[in-house]
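Remarks on the overall topology
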Amino acid sequence: MVSIPIYFIMKKLIILIALASFSLNGQSQRINQVAENFINDSQNFVTNNTTRGIIDANVTGSRFITDFQFGKVIGYNQNYLMRYDAFNDQMEVKNNDDQIVIINKKTINEVTFNDGSKYKIYNYTSEGSNKTGYLKVLYAGTKSSLLKKDVIKYVPEKKAESSYDSDVPAAYKKGSAIYFIADHNGDIRSFTKKKELLKLFPAKKKAIDKFMKANRVKFSDETSLAKLGRHLDGMN
C-alpha cells in the first residue's frame, strides 16, 4: 500500500476549505445584494410619511397593527423588518441605516410577514369611494378570496368642559373591520357582519348560515374566518 504524505493531505484540505469559504461568501454577497437592490431602489419607496398632520407624541394608542416584525416583499427572498400602519394604509420598512421608509404601492403589491399574515394591494370601494390599498388575505382560494381591512380611527382630543372634568387626550382606536369577497373575475364585495354577508349570496344564505353555526364562525377569530373563506370558495 502506498502511503500519502500528511503534507499533501493537509494541502488538499486547505484548498477544499478555501473553495467552500469562497462559495459561501459569494452566495452571501449575492443574497445581500438582493436585499440592497430592494432597499436602495428608490422606486420601491415613497418619501413622505403622511400621518395627516397628527403628531403621534400627543396621541395615545397606536396606528400600527403590530410592532416591527420580520417579513418578505414579493419578488425578494429576504427578510425585512416591517409594520403595517392601518390608519394611513402604509407599509413601513426599516432600511439598513435603521431609517423608516414607506413601501411604494405601485411597485410592491404584496407583503408576507413571517407569522403567515399576508397583505395585498386591491382596488375596492369603502364608505362610498373607490380606494387602492392593503387588504389582509384571510383565505386565498381558486375562485375567490376572503379579505380583511384593518381599521384604526383617530379620535381628537376632548377638552374638559368644567373643573370637575379632565382633558381626554387624542387617541388611535381600533374600529370595526371591513371584510371583502374578491372573485377572481375582478368583482369585490364588502360586508361587516353576518347579515350583510348572507345578502351577498341570496340563493345560498341558508347553507352559509348553517355552516357558520356548525363551525362556530366568529368575526373576531381569523382562523374560523379562513374556514368560512374556504367554504365560500367551494360554493362559488
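All of the points below concern the structure found in this document. Position numbers for residues count from 1 along each chain, tracking the sequence in the order it is written. Note on the predicted model: pLDDT of at least 70 is required for a residue's local features to be given, and 80 or more for side-chain atom pairs to be given and counted; whole-chain, interface and lining totals, by contrast, use all residues. Side-chain figures throughout are based on the complete set of non-hydrogen atoms in the structure, without hydrogens or water.

Pairing of aromatic rings covers Phe, Tyr and the six-membered ring of Trp, with a centre-to-centre limit of 6.5 Å; geometry is then stacked below 30 degrees between planes, edge-to-face above 60, and tilted otherwise. By the definition in use, this model includes 10 aromatic pairs. With centroids separated by 5.6 Å and ring planes inclined at 70°, the aromatic side chains of Tyr-84 and Tyr-134 adopt a geometry described as edge-to-face. In this pair, Tyr-84 is assigned in strand β4 (residues 80-85) and Tyr-134 in strand β9 (residues 129-140), connecting sequence segments 50 residues apart. Counting every residue linked through ring pairs, the aromatic cluster contains Tyr-84, Phe-113, Tyr-119 and Tyr-134. In this scheme, the term charge over a ring applies when either NZ of a lysine or CZ of an arginine sits within 6 Å of the ring centre and within 35 degrees of the ring normal. Positioned above the aromatic ring of Phe-68, the side-chain terminus of Lys-94 is 5.0 Å from the ring centre. Helix and strand definitions follow DSSP, with helices as H or I runs of at least four residues and strands as E runs of at least two, each counted in order from the N terminus.

Here we take up the sheet that holds strand β2 (residues 59-60). By this definition, two strands are paired if DSSP reports at least two bridges between them. If you trace the three strands from one edge of the open sheet to the other, you get β2-β12-β11, paired in mixed fashion. The open sheet has two edge strands, β2 and β11 (152-155), and neither has a second partner.

So, on to the nonpolar core. In terms of nonpolar packing, the biggest core is built from 22 residues, with Val-73, Met-82, Met-91, Val-93, Ile-103, Val-111 and Tyr-134 touching the most fellow members. Of all the elements in the fold, those that place two or more residues in this core are β4, β5 (90-94), β6 (100-103), β7 (110-113), β8 (118-126) and β12 (170-174). For this core, the leading source of residues is β4, giving three residues. Take the buried residues of types Ala, Val, Leu, Ile, Met, Phe, Trp, Tyr and Cys, join any two whose side-chain atoms come within 4.5 Å, and each joined set is a nonpolar core. To sort residues, take the accessible area from a 1.4 Å probe on protein chains only and compare it with the maximum for the residue type: under 20% means buried, over 50% means exposed, and anything in between is partly exposed. Within the second largest apolar cluster, 18 residues are counted, among which are Leu-138, Tyr-139, Leu-197 and Leu-232.

The next subject is helix α4 (residues 222-235). The span you would expect from a helix comes to 1.5 Å times its residue count less one. With 14 residues, α4 should cover 20 Å at 1.5 Å per step; its first-to-last C-alpha distance of 20 Å lies within 8% of that length. Along α4, the residues classified as buried are Ser-224, Leu-225, Ala-226, Leu-228, Gly-229, Leu-232 and Asp-233. The N-cap residue of α4 is Asp-221: its side-chain oxygen and the backbone nitrogen of Thr-223 are 3.1 Å apart. As used in this structure description, the phrase polar contact means that two N or O atoms lie within 3.5 Å; if the pair is within protein, one of them must be able to donate a hydrogen and the other to accept it, and residues adjacent in sequence are counted only when both atoms belong to side chains.

Spatially, 11 strands are ordered β1-β6-β5-β4-β3-β7-β8-β9-β10-β13-β14 in an open sheet, and the strand pairing comes out antiparallel. With one partner strand each, in any of the chains shown, β1 (45-46) and β14 (188-191) form the two edges of the open sheet. Note: β7 against β8, three bridges, orientation antiparallel. Across the sheet, Val-111 pairs through a bridge with Tyr-119, a residue of β8. Contacts: residue pairs with any heavy atoms within 4.5 Å of one another. All axes are obtained by fitting lines to C-alpha atoms, using only the stretch in contact for helices, and the reported angles, taken between N-to-C directions, cover 0 to 180 degrees. Packed on one face of the sheet, α4 meets β9, β10 (144-149) and β13 (178-183) and runs near 95° to β9.

A few words now on the pairing of β12. When β2 meets β12, the two strands line up parallel, connected through two bridges. Across the sheet, the residue bridging to Thr-60 is Ala-171, located in β12. Where β11 lies against β12, four bridges are found, and the strand directions are antiparallel. Paired with Lys-153 across the strands is Lys-173, a residue of β12.

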